[in-house]
Amino acid sequence: MRLLSLLLSRLFESIVVFCMGTMVILVFFNVVLRYGFNSGIALSDEGARYLFVWLTFIGAVVALRDNAHLGIDLLYRRLPALGQRICAVLAELMMLFCCGLFLVGSYKQTVINMDNLSPVAELPLGLMYAAGVVCSLGMAAIIIKRLYLLLFRHVDPDQVMPLSPEDALISEVSK
């Protein structure tokens, strides 16, 4: 299970790197062509838009895995250990509920917009909304894992944050 988690983490990181690199190349060459040669790549704007949407949503999953989202823990840190555990479980459950809402909405928008095509590339607009489906499923998996650790493994809430991919690989190889 840990190896699957590591592989999915690497996949999501690779998608983020691919999207960012491709966006930079597309936009750079389009600017050079427009200002240097008075022409351009018609697909560049739409392609960069699609890539940016996917980069944002997949990046949000990676950030959740690394616990890199902004959070305020002023009250949380002042609670006793049991209060921190209860607060952490409630926070994870609320995030899971929001992921469910986001999944339902993204799925409906994906289905609705699969027949609508973008003007230049003629790609289905539903592909943009599919990023929300992938994002909500990825985030839900991370949250469910954290809830499992909090509720059944009785792990301290501060230790629920996952290992870095390198640490996970080392611990997987050493088993």
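So, how was this worked out
- Residues numbered from 1 in each chain as written.
- Predicted model: local features only at pLDDT ≥ 70, side-chain atom pairs only at ≥ 80, totals over all residues.
- Heavy atoms only, no water.
- UniProt positions renumbered as here; feature names shortened; annotations may be inferred.
- Phe/Tyr/Trp six-rings, centres within 6.5 Å; stacked < 30°, edge-to-face > 60°.
- Buried < 20%, exposed > 50% of the residue type's maximum accessible area, 1.4 Å probe, protein only.
- Salt bridge = Lys/Arg side-chain N within 4 Å of Asp/Glu carboxyl O.
- Helix = DSSP H or I, 4+ residues; strand = E, 2+ residues; numbered from the N terminus.
- Core = buried A, V, L, I, M, F, W, Y, C linked by side-chain atoms within 4.5 Å.
- Contact = heavy atoms within 4.5 Å.
- Axes fitted to C-alpha atoms, helices over the stretch in contact; angles between N-to-C directions.
- Parallel < 35°, antiparallel > 145°, perpendicular 65-115°, else oblique.
- Left-handed = near helix turned anticlockwise from the far one by under 90°.
- Nonpolar A, V, L, I, M, F, W, Y, C, P; charged D, E, K, R; others polar.

With an unreviewed UniProt entry as reference, the protein chain is termed TRAP transporter small permease protein, source organism Pseudomonas fulva. In its Sequence similarities (unreviewed entry) section, the UniProt entry covering the protein chain states "Belongs to the TRAP transporter small permease family." Per UniProt, the comment on the protein chain under Function (unreviewed entry) is "Part of the tripartite ATP-independent periplasmic (TRAP) transport system."

**Details of the packing of aromatic side chains**
Throughout the structure, instances matching the rule amount to 3 aromatic pairs. Judged by centre distance (5.8 Å) and plane angle (40°), the ring pair of tyrosine 148 and phenylalanine 152 falls under tilted. Given a relative accessible area of 39%, tyrosine 148 falls into the partly exposed group.

**Focus on the pattern of salt bridges**
What the rule picks out here adds up to 5 salt bridges. When the shortest N-O distance is used, the salt bridge between glutamate 13 and arginine 65 registers 2.8 Å. On the criterion of sequence distance, the pair formed by glutamate 13 in helix 1 (residues 2-37) and arginine 65 in helix 2 (residues 43-65) is long-range, its members being 52 residues apart. Each of the two residues, glutamate 13 as well as arginine 65, counts as buried. Between glutamate 92 and arginine 146 there is a salt bridge whose closest N-O contact spans 3.8 Å.

**Section: the UniProt feature "transmembrane region" (unreviewed entry) in the protein chain**
Under the UniProt annotation, the feature "transmembrane region" (unreviewed entry) is placed at residues 12-35, 47-65, 86-107 and 127-144. Helix makes up 100% of residues 12-35 and strand 0%. Its end C-alpha atoms lie 35 Å apart. Here residues 127-144 is 100% helix and 0% strand, with 26 Å between the C-alpha atoms at its ends.

**Some details on the environment of leucine 101**
On the secondary structure map, leucine 101 appears in helix 4 (residues 81-113). Owing to a relative accessible area of 52%, leucine 101 belongs among the exposed residues under this scheme. Separated by 35 residues in the primary sequence, leucine 101 and serine 136 place their C-alpha atoms 8.8 Å from one another.

**Observations regarding the nonpolar core**
Ranked by internal contacts, the top residues of the largest apolar core, which has 23 residues, are Val61 and Met139. Among the elements of the structure, helix 1, helix 2, helix 4 and helix 5 (126-151) are those that each provide at least two residues to this core. Discounting residues that sit within four places of it in the chain, methionine 139 has contacts with Ala60, Val61, Leu64, His69 and Cys99.

**Quick word on the packing of helix 1 against helix 2**
Helix-helix packing is characterised by the crossing angle of the two axes and by the distance between the axes. Running from N to C, helix 1 and helix 2 cross one another at 150°; their axes reach a closest spacing of 8 Å. Between helix 1 and helix 2, the angle is such that the two are roughly antiparallel. For helix 1 against helix 2, the interelement crossing comes out left-handed. Its residues placed into classes, the contact of helix 1 with helix 2 shows 17 nonpolar, 6 polar and 4 charged.

**Some words on unusual backbone geometry**
Most peptide bonds are trans, and most residues other than glycine sit at a negative phi. At asparagine 38, a residue that is not glycine, the phi angle is positive and equals roughly 55°. One non-glycine residue, glutamate 122, lies in the positive phi region at around 55°. On the secondary structure map, glutamate 122 appears in the loop between helix 4 and helix 5. Relative accessible area serves as the criterion here: at 54%, glutamate 122 is assigned to the exposed category.

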